Amino acid sequence: MDDQAIDTNAPAADGMGHRAEKPPVGQADVAAGLAEVRAAIAQAAEDNERDPAEIQLVAVSKTVPAEGILPALEAGQRVFGENYVQESTAKWPALRDRYPDVELHLVGPLQSNKAREAVALFDVIHSLDRLSLAAALAKEIARSGRTPKLLIQVNTGAEPQKGGVLPDQLATLLAECRQTHGLAIQGLMCIPPAEDPPSGHFALLARLAKEHNLPILSMGMSADFPAAIQLGATHVRVGTAIFGARRPKV
Ligand SMILES: *Cc1c(COP(=O)(O)O)cnc(C)c1O
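About the thresholds
- Residues numbered from 1 in each chain as written.
- Predicted model: local features only at pLDDT ≥ 70, side-chain atom pairs only at ≥ 80, totals over all residues.
- Heavy atoms only, no water.
- Phe/Tyr/Trp six-rings, centres within 6.5 Å; stacked < 30°, edge-to-face > 60°.
- Helix = DSSP H or I, 4+ residues; strand = E, 2+ residues; numbered from the N terminus.
- Buried < 20%, exposed > 50% of the residue type's maximum accessible area, 1.4 Å probe, protein only.
- 1 Å grid on protein atoms, 1.4 Å probe; cavity = no way out; pocket = protein on both sides within 12 Å on 5 of 7 lines; lining within 4 Å.
- Points joined across faces, edges and corners; volume = space filled by probe spheres on them.
- Nonpolar A, V, L, I, M, F, W, Y, C, P; charged D, E, K, R; others polar.
- Salt bridge = Lys/Arg side-chain N within 4 Å of Asp/Glu carboxyl O.
- Near = heavy atom within 4 Å.
- Polar contact = N/O pair within 3.5 Å; in protein donor to acceptor, adjacent residues only side chain to side chain.
- Areas by Shrake-Rupley, 256 points an atom, 1.4 Å probe, with all protein chains shown as cover.
- Sits in = over half its atoms within 2 Å of the grid points.
- Expected span 1.5 Å × (residues − 1).
- Arc of directions from axis to C-beta.
- Contact = heavy atoms within 4.5 Å.

Peer 1: An account of the packing of aromatic side chains is requested, with residue identities and associated values reported.
Peer 2: Ring pairs (aromatic) are described by centroid distance and by the angle formed between their planes. Under the criterion given, the structure shown has 1 aromatic pair. Plain terms: the ring middles of Phe 80 and Trp 92 are 5.0 Å apart, the flat faces sit at 45 degrees to each other, and that makes the pair tilted. Here Phe 80 is found in strand β2 (residues 79-82), whereas its partner Trp 92 is found in helix α3 (residues 85-98), with 12 residues between them in sequence. A relative accessible area of 0% places Phe 80 in the buried class.

Quick look at the structure:
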């Protein structure tokens, strides 16, 4: 163990690579979970004759306190995803002081009035989905000089409660982002409906990205990232399989 490691109260590994059975919430064996997810990504890449180096693991640490994130940092993970701007602003600056090469992704919905904080903190924003938000981001990018990568979220299941532009409105939003706001858009993101088999949604997102020449495909979570890799994901967003079950949000 690295002598700088902080005692995280994580249960000791059993030395055989097995995860503890049903760790209590917040006590998951993060390093073991991370190793399993990395191995599964490598396997899915191999199964589909893809180079594992083109698949980024975004470790989604929403609701996980800093001491729960440290084991992942200690195990070498540097790319993290968060859902809430306020939580991230409270949590990450101190962690980044210790690990300056961390790359932070905003994967949750973004309100236009949080654009300033989001542009200041995040390196990649996955949830651009409307013109008003594009305008707010463009203004902040110009003001701050920071240029996070931007992905458009597509609501592939056309779910009314979910963020994302409808597939048939993507071309218009893309054109407006580029022409009206001068924004470079790098890719697409989707969250398939929970009740659907995800592959149709991943295939649709991949087709849209290809049609518009967008290199980044953010798709796949704990339950379905191997299927997403099969269909071309460049970024998989995995939380539960690394950090354990989340506390219900209060
Ligand atoms: C929470 C979340 C994830 C991670 O989901 P898990 O099922 O815990 O892996 C990925 N993407 C988004 C947008 C999320 O909100």
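Once you've had a look at it, read on.
Peer 1: So what's going on with the layout of surface pockets? Which residues, and what values?
Peer 2: Empty space among the atoms can be located by rolling a probe the size of a water molecule over them. Reported here for the largest pocket is a volume of approximately 570 Å³. Taken together, 26 residues make up the lining of the largest pocket; nearest its centre are Lys 62, Lys 162, Ile 191, Met 221 and Arg 237. Within the lining of the largest pocket, the residues separate by chemical class into 12 nonpolar, 8 polar and 6 charged.

Peer 1: Lay out the pattern of salt bridges in plain terms, naming residues and giving numbers.
Peer 2: Pairs can form between side chains of opposite charge whenever their charged atoms are close. The final tally for this structure, using the stated rule, is 11 salt bridges. Among the salt bridges present, the one from Glu 54 reaches Arg 50, with a minimum N-O distance of 3.2 Å. A single network of salt bridges, built from pairs that share partners, joins Glu 82, Glu 87 and Lys 91.

Peer 1: Tell me about the site of the ligand, and name the residues and values.
Peer 2: In the vicinity of the ligand, the contacting residues are Val 60, Lys 62, Asn 83, Val 107, Ile 191, Met 221, Ser 222, Arg 237, Val 238, Gly 239, Thr 240 and Arg 246. In this structure, an oxygen atom belonging to the ligand sits 2.8 Å away from a main-chain N or O atom of Gly 239. Coverage of the ligand by the protein amounts to 89% of the 390 Å² it exposes when considered alone. Assessed atom by atom at 2 Å from the grid points, the ligand resides in the largest pocket. Of the residues in the shell around the ligand, the class split is 5 nonpolar, 4 polar and 3 charged.

Peer 1: Tell me about helix α7 (residues 199-211), and name the residues and values.
Peer 2: Between its terminal C-alpha atoms α7 stretches 18 Å, which fits the 18 Å expected from 13 residues at 1.5 Å a residue. Where α7 is concerned, the buried positions are His 201, Phe 202, Leu 205, Ala 206, Leu 208 and Ala 209. Looking straight down α7, one finds its buried side chains confined to an arc of 160 degrees; they lie on one side. Among the exposed residues of α7, those pointing more than 90 degrees away from its buried face are Gly 200, Lys 210 and Glu 211. The secondary structure elements touched by the buried residues of α7 are α6 (170-179), β6 (185-189), β7 (216-218) and α8 (225-230).

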